[in-house]
Amino acid sequence: MAKLLFRLRHVTDEEAMEVRDLLAAHGFDTYETQAGFFRLGVDAIWLRNPHQHDAAIAALEAYQAERLERAQREHQAAVERGEAETLWKRLAAHPLQVVLVLLAVGLIAALTLLPFLGLSRA
């Protein structure tokens, strides 16, 4: 019976292609499923041979650890160059978007706390 190996939902095309290449390079027998029009299925990569599951998981964990390390190095390099996005840089680049998000957060907080403020007055 096939085993779920890697969910593809919310995964970039780049990462999905790297995972496909990794699994193919190691010779794992895999296939993919799509969620379909109504999103009732699962976007995923499945392993046909359950006996390969432990080796496939180990390969994916090693890949993800390397990808995390690479992303952290890239972020650190961006911080050192002053190119990493900060709240102030985002505010300068997209002031209307930031203000609208802050207003939405304030509105949600007010609506959430409103019943409790009414209890304190009673």
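On a predicted model such as this, the values are computed, not experimentally measured, just so you know.

**A closer look at the overall build of the chain**
Stage number 1. Within the chain one finds 4 helices and 3 strands.
Stage number 2. Written out in order from the N terminus, the α and β elements of the chain read β-α-β-β-α-α-α.
Stage number 3. Projected onto the principal axes, the alpha-carbon positions of the chain cover approximately 65 × 45 × 30 Å.
Stage number 4. Across the chain, the fraction of contacts at a sequence separation of at least 24, relative to all contacts at a separation of at least 6, is 57%.
Stage number 5. Here the chain displays about 9,400 Å² of accessible surface, and carbon together with sulfur accounts for 63% of that area.
Stage number 6. Averaged over its 13 positive side-chain charges, the chain has a centre that lies 8 Å from the centre of its 16 negative ones.

**Notes on the environment of Ala 16**
Stage number 1. Position of Ala 16 relative to the elements: it lies in helix H1 (residues 13–25).
Stage number 2. Placed 25 residues apart in sequence, Ala 16 and Gly 41 show a C-alpha to C-alpha distance of 18 Å.
Stage number 3. If we skip the residues at most four places from it in the chain, Ala 16 touches Leu 8 and Val 11.

**A closer look at the sheet that holds strand S1 (residues 3–7)**
Pairing between the strands of a sheet is mediated by backbone hydrogen bonds and can be parallel or antiparallel.
Stage number 1. Pairing is antiparallel in the open sheet, where 3 strands are placed in the order S1-S3-S2. The open sheet has two edge strands with one neighbour each: S1 and strand S2 (30–33). Each neighbouring strand pair of the sheet contributes to a mean axis angle of 30 degrees, computed without reference to strand direction.
Stage number 2. With 4 bridges joining them, S1 and strand S3 (residues 44–47) adopt antiparallel strand pairing. Across the sheet, the residue bridging to Lys 3 is Leu 47, located in S3.
Stage number 3. Here helix H2 (residues 53–81) sits on the sheet in contact with S1 and S3, set at roughly 10 degrees to S1.

Analysis parameters
- Residues numbered from 1 in each chain as written.
- Predicted model: local features only at pLDDT ≥ 70, side-chain atom pairs only at ≥ 80, totals over all residues.
- Heavy atoms only, no water.
- Helix = DSSP H or I, 4+ residues; strand = E, 2+ residues; numbered from the N terminus.
- Contact = heavy atoms within 4.5 Å.
- Areas by Shrake-Rupley, 256 points an atom, 1.4 Å probe, with all protein chains shown as cover.
- Lys, Arg positive; Asp, Glu negative; His and termini not counted.
- Charge placed at Lys NZ, Arg CZ, Asp CG, Glu CD.
- Pairing = 2+ DSSP bridges.
- Axes fitted to C-alpha atoms, helices over the stretch in contact; angles between N-to-C directions.

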